[in-house]
Amino acid sequence: MTNAETRAEEHVAIIGVHGVGGPPPFSTARAIAALLTEFAPAGEYVGFDERSIYVAVDPLIAPPPVAALVQGAEAASENGPAHQASAAAQGAGRDAPHQSHAASDRTALPTLSYGEGAGVAFMREQLAGFDGAGHQDAYATIEICGSRRGRSTGSTQTIHVFEMHWADLSRLGSGVLRVFGAIYQLLLHVSHLGRKGVDVAKELYKEDGAVARRWKFYSCAHTTAVRAFTLLVPLSTLVMLVFLPLFIPAAIAADARFTIGVVAAAVIVVAGFGYGLYRLTALHWGSNLFVGFLIVVCGMMWWLFRNGVVAREPAGTVIVSCLLGLTSAVAFWAIVRSYNRVRSHARVVGYSVLLMALLLVAVNWSAIPAANLAERIRYAALLGFESGYLALTICWGLFWVAASLALIASIPVMYKAAFKDSTMRARRVARTARVTLALSAFLFIVFALVGYQAVVRIADSQQAKLSLLPPCVESARACLPQIVPALVTDDSVNSASKFFTALITTSGTSGFKLVLVTGAITAVLVSWLVVLIAVTSVWTPSSRDPSDEGSLALGRWLSSGFAWAGVAGDCLVVGIVVFILVGGIHDWLSIGARTSDFDPAATHAIVNWLAVALVTSAAGLAVVRLRVSALASHARPALGLILDVDNYLRESPSWATPKAKMAARFASLLRHILERRDAAGKPMFNRIVIVSHSQGTVMAADMLRFLKTVGATDPDMSGVKVSLLTMGSPLRQLYSANFPHLYEWVDTNNDDTVGTSAYHAHPDPAELNVAEWVNLFTTGDYVGRSLWRSMSWPDIWRRQEFVERAQRGAPLDRYDRCLGAGTHTRYWTSADVAAEIDAMLEPPVHA
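The model shown is predicted, which means the values in this text are computed figures rather than measured ones.

Next up on the list: the overall build of the protein chain. Counting its regular elements, the protein chain contains 28 helices and eight strands. Of all 847 residues assigned to the protein chain, the portion counted as buried reaches 50%. Looking at the protein chain alone, contacts between residues at least 24 apart form 81% of all its contacts between residues at least 6 apart. Total accessible area on the protein chain is roughly 37,600 Å²; 65% of this is exposed by carbon and sulfur atoms.

Turning to helix α16 (residues 373-415), a few remarks are in order. Over its 43 residues, α16 runs 64 Å from end to end, which matches the ideal 63 Å to within 8%, given 1.5 Å per residue. Where α16 begins, the capping side chain belongs to Asn372, and its oxygen is found 3.1 Å from the backbone nitrogen of Ala374.

Turning next to the environment of Arg149. Tracing the chain through its elements places Arg149 in strand β3 (residues 139-150). Along the sequence, Arg149 and Tyr45 sit 104 residues apart, while their C-alpha atoms lie 6.6 Å from each other. Here Arg149 is in contact with Ala42, Gly43, Glu44, Gly154, Ser155 and Thr156, once residues within four sequence places are set aside.

Bringing the side chain of Arg195 into the picture now. With respect to the helices, strands and loops of the structure, Arg195 is situated in helix α9 (residues 191-204). In this view, Arg195 contacts His222, Thr223, Val226 and Glu651; residues no more than four positions away in its chain are not counted.

Okay, the confidence of the model for the protein chain next. Looking at the protein chain, pLDDT values average 79 and 79% of them are 70 or higher. Taking the mean pLDDT of every element in the protein chain, the minimum, 30, falls on helix α5 (residues 103-107) and the maximum, 96, on strand β6 (residues 721-727). Across residues 620-638 the pLDDT falls below 50, and counting only partners more than four positions away or on other chains, this stretch makes 17 contacts in the model. Overall, residues 751-756 carries pLDDT values under 50, and its contacts beyond four positions in sequence, including any with other chains, amount to 16 contacts.

Moving on, we get to the nonpolar core. Grouped together as the largest cluster of nonpolar side chains are 71 residues, with contacts concentrated most on Phe229, Trp396, Phe399, Phe444, Phe500 and Ile576. The greatest single-element share of this core, amounting to 16 residues, is contributed by α16. Once residues lying within four places of it in the same chain are set aside, the contact partners of Ile576 are Trp400, Ala438, Ala441, Phe442, Ile445 and Val515. One finds Phe162, Met662, Ala701 and Val722 within the second-largest nonpolar core, a separate group that totals 68 residues.

So, about the pairing of β6. Judged by how many residues are buried, β6 sits mostly within the fold: six of seven residues are covered. Bridge analysis of strand β5 (residues 685-693) against β6 gives seven bridges, and the strand direction is parallel. Following the sheet pairing, Ser692 is matched in β6 by Thr726. Two strands pair when backbone bridges link them, and β6 and strand β7 (residues 772-777) are joined in this way by five bridges, in the parallel orientation. Paired with Thr726 across the two strands is Asn775, which belongs to β7.

Moving on, we come to the environment of Phe739. Its place among the elements puts Phe739 in the loop between α27 (731-738) and β7. Each C-alpha atom of the pair Phe739 and Lys196 lies 8.5 Å from the other, and the pair is 543 residues apart in sequence. The contacts of Phe739, once residues within four sequence positions are left out, are Leu193, Thr432, Val645, Leu649 and Leu734.

The next point concerns the packing of aromatic side chains. Within this structure, the stated rule accounts for 22 aromatic pairs. Measuring from ring centre to ring centre gives 5.6 Å for Trp396 and Trp400, while their planes differ by 20 degrees; the resulting arrangement is stacked. Of this pair, Trp396 and Trp400 are both found in helix α16, four residues apart, which corresponds to roughly one turn of the helix. Grouping residues by exposure puts Trp396 and Trp400 together as buried. Their ring planes at 40 degrees and their centres at 6.3 Å tell us that Tyr743 and Trp745 sit as a pair that is tilted. Here Tyr743 and Trp745 have matching classes, each one buried. Ring pairs connect the aromatic residues Phe229, Trp396, Phe399, Trp400 and Phe444, which therefore count as one cluster. Above the ring of Tyr648, the side-chain terminus of Lys659 is found at 4.3 Å from the ring centroid.

Okay, a nonpolar patch on the surface next. On the surface, Val531, Val535, Val538 and Trp539 cluster together into a nonpolar patch covering about 430 Å² of accessible area. Relative to the elements of secondary structure, Trp539 occurs in the loop between α21 (512-538) and α22 (549-589). With a relative accessible area of 55%, Trp539 lands in the exposed category.

Here eight strands make up an open sheet; going across it, the order is β2-β3-β4-β1-β5-β6-β7-β8 and the pairing mixed. Edge positions in the open sheet fall to β2 (43-55) and β8 (814-818), since each of these has one partner strand only. Averaged over all adjacent pairs, the angle separating strand axes in this sheet is 20 degrees, with direction ignored. The sheet contacts of helix α2 (residues 27-39) involve β1 (10-17), β2, β3, β4 (156-164) and β5, and relative to β4 the element is tilted by about 150 degrees. Lying on the sheet, helix α28 (residues 831-841) is in contact with β1, β2, β3, β4, β5, β6, β7 and β8; it crosses β6 at an angle near 175 degrees.

Conventions we followed
- Residues numbered from 1 in each chain as written.
- Predicted model: local features only at pLDDT ≥ 70, side-chain atom pairs only at ≥ 80, totals over all residues.
- Heavy atoms only, no water.
- Helix = DSSP H or I, 4+ residues; strand = E, 2+ residues; numbered from the N terminus.
- Buried < 20%, exposed > 50% of the residue type's maximum accessible area, 1.4 Å probe, protein only.
- Contact = heavy atoms within 4.5 Å.
- Areas by Shrake-Rupley, 256 points an atom, 1.4 Å probe, with all protein chains shown as cover.
- Expected span 1.5 Å × (residues − 1).
- Polar contact = N/O pair within 3.5 Å; in protein donor to acceptor, adjacent residues only side chain to side chain.
- pLDDT = per-residue confidence, 0-100.
- Core = buried A, V, L, I, M, F, W, Y, C linked by side-chain atoms within 4.5 Å.
- Pairing = 2+ DSSP bridges.
- Phe/Tyr/Trp six-rings, centres within 6.5 Å; stacked < 30°, edge-to-face > 60°.
- Lys NZ or Arg CZ within 6 Å of the ring centre and 35° of its normal.
- Patch = residues over 30% accessible without salt bridge, like charges linked within 9 Å, V, L, I, M, F, W, Y side chains within 5 Å.
- Salt bridge = Lys/Arg side-chain N within 4 Å of Asp/Glu carboxyl O.
- Axes fitted to C-alpha atoms, helices over the stretch in contact; angles between N-to-C directions.

Now the structure itself:
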């Protein structure tokens, strides 16, 4: 081929964006190349070669809204020439390419402007604090290059397949760490998903009189409940746990404490010295200094043991207690410091609760009767634990009150909006808010109560070998009568294990049984959906069934499963808010005789049974490791969607949100493609095809819409034709349904409620600067389904065969296609997907 022919040949870039499940790097690009090579009907693909590329990553920070620029200009004119010069410099800095990491740009970022859309404003907020510091490593990926020859036209093209891999930016870690990260998100962070929707709605309706007042009160109540649950509750729990290590000194034999304490202290000192030496000096004789220090420490230990300079008791108790206390304090400081990055004021709250507990211990220290110092320390630790428990009880009380008020306040919000579409959005927002909060609270309560009881049972069963629990709590009651009797009134509590069990029972309240019953009902209501998803992940009806019966049945069954899941969410809300609150009030006021419905004894029996089941099933370290490994491999596919949605909408840490890191990588990849030049120095690519799946479709759509709306010039997408293929997209079914104000552009008029036409008007490809948008879905896809076709359309679940572009009819820029029966995870091996990608690559016909 001559150089002239090479220059005339068209180059097309394909960007693959994967979905949930965390596929390995490069697998998406390879899957696209494999699809085209094996299945493409109209093009012949040959010579695919793979090479590594490294893309420099710069943060994406958009210019401010036009309104902000106008206001800035007015302010500059009012404040004189100096201010004008400063404003001009800042504006120039924003417009200059690759200058987004400058400090002046970060400080000049605008506040939210909801006039350009809540979704764009929210994305601005997520990107605002990110400057790339510590996150700007080059993106290592691959480029797969090959040739396409049209079978009918004979045209040739060079195809470049790239990959936008984001799983490593959404959830870090692997194996056990990933499992614990998922548990943390489910227990504490998922509740914030609903809070953001409420906050956005409140902002949008703030000028609307009575509606604004209703939203403000509802937002205040719901935010208080979320803050109490995600800030006060976990930190009070942490204060409780920080005292538990001080139970250990009294459990160690008195004559062994000194030896254990000195050896442990020596190990810590040597390790700290070695670490400091490694970090602070680069001298070649650093190893000699470390060995010399180790010899000195060993000599001091030998001299100390041989000469008995100090009495072994109580010195041993003091040393062990100080080491354990220091370790616990450092762990508390590290956790609070880390949590403060994602929850503002976590440090203040944590330190305040801990200081209160320490003051209470200090005031009552002299009144603690004990036979020796070790027992006195243990009872003091028990007192600190009780103080933390008291703070936790108060925090839970605040949560239940706020959650109840939020539930009541949501009623006028949902049913008194001025317009029908506003009412539908309000109901969606309120539903998401209450279900996410109830789900997190339910899981947290069950995990905490059963976990605490399992630990108490293990400690009690090993009491004869290692006496971790105090032999009696009567002395603790005597020193703090104003707290313990108020928490535990049962006269049969005469041992530490019974005392802790009584606290656990009190925490669950006498309504815990009804909460679990409600949870069981919820599980039954969603069982149809869960079983359907599980079965179709293993087996699905043929997508090419001539009668379409399998496709139609699967689509209808899944729709009914979603409907029951909505009912299940409301059922869980009633159970977690109403029954726990009523049970707590019943126990506090001791209203009448205990009934069969509200009985603390039933709570004790249930929690104890679940703890026994947990301890028994997890017996043996090897079994625990196997169970955690199994959870790591199976939990991510089941929970991946909700966790990835949570991370994608996360606003913390403000200087490096997951979306900001994803946007930086995506923008840098686009910039890398757009800056490519051919031999003549002209842009190599004038067409880009984005092939996205699942959560990746949301990322791609948000990115393109953001760049178009803000008029971004870096990367500048205005001179390139973009085609978008989405598969199993949750944009309408999940995002628009649960976050209707952030994703109003997907469903501007609540299209599902306004008729039965085959095509909705939105989402509009023009808003994304997309020339052609094709959406593929299967009837068994539990994540994403149609974008434009109405769910009431009679043929919505019938398989549609491939149709050439020219024969599809209006609208020409958007197309929904049902692939028949299938699941969410099988698009990357589908011949139908290959046909759609191949059609997008077909050179345009010129007049």
